[in-house]
Amino acid sequence: VYSPPPPPMQPQPGTEGYYPQGVVMVAPPPPYQEVAGYPPAPGYIWIGGFWNWVGGRHVWVAGRWEPNRHGHVWVPHRWIRFGAGWRFEPGRWNRH
């Protein structure tokens, strides 16, 4: 079952933010609660959605099913506090 994401968040007046050297000055919204449902086939894992920074605002990118990679673990996308702003760290597969 898939629930559509909420509409993109609009920045509040005076907090339009910017993205110099990968730093966003507007905090990301709380994660959207997605319903993953059942995998399309055995061996698939759910890769949760995330807030991306596009065109001066946070935009939700929906989660998806991906085949599991043997010997790897998925590290989710995340926003990390960086000085007065936020820096996005994309999700990735790590060997374990």
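Further up the page is the structure itself.
Some remarks on the pattern of salt bridges
Here's step 1: Applying the stated criterion to the full structure yields 3 salt bridges.
Here's step 2: Between R78 and E89 there is a salt bridge, with its nearest N and O atoms 3.0 Å apart. Remark: E89 occurs in strand β8 (residues 85-89) and R78 occurs in strand β7 (residues 78-82); sequence separation between them is 11 residues.
Here's step 3: Relative accessible area serves as the criterion here: at 43%, R78 is assigned to the partly exposed category.
Here's step 4: Classification of E89 as partly exposed rests on a relative accessible area of 21%.
Here's step 5: For E89, the salt bridge identified is with R92, shortest N-O distance 3.3 Å.
Here's step 6: With relative accessibility at 33%, the residue R92 sits in the partly exposed group.
Here's step 7: One connected set of salt bridges, linked through shared partners, spans R78, E89 and R92.

Observations concerning the nonpolar core
A general feature of soluble globular proteins is that nonpolar side chains tend to end up buried together.
Here's step 1: Membership of the largest hydrophobic core is limited to 8 residues, which are V24, V26, F50, W51, W53, W60, W79 and F88.
Here's step 2: Considering each element in turn, this core owes the most residues, 3 residues, to strand β3 (residues 50-54).

Re the environment of H58
Here's step 1: Its location among the elements puts H58 in strand β4 (residues 57-61).
Here's step 2: H58 sits 29 residues away from P29 along the chain, and the two C-alpha atoms are 7.7 Å apart.
Here's step 3: Polar side-chain contacts of H58 include one of 2.9 Å to the backbone oxygen of V26.
Here's step 4: Within the structure, the side chain of H58 is placed 3.3 Å from the backbone oxygen of A27, a separation counted as a polar contact.

What counts, and at which threshold
Residues numbered from 1 in each chain as written. Predicted model: local features only at pLDDT ≥ 70, side-chain atom pairs only at ≥ 80, totals over all residues. Heavy atoms only, no water. Salt bridge = Lys/Arg side-chain N within 4 Å of Asp/Glu carboxyl O. Helix = DSSP H or I, 4+ residues; strand = E, 2+ residues; numbered from the N terminus. Buried < 20%, exposed > 50% of the residue type's maximum accessible area, 1.4 Å probe, protein only. Core = buried A, V, L, I, M, F, W, Y, C linked by side-chain atoms within 4.5 Å. Polar contact = N/O pair within 3.5 Å; in protein donor to acceptor, adjacent residues only side chain to side chain.

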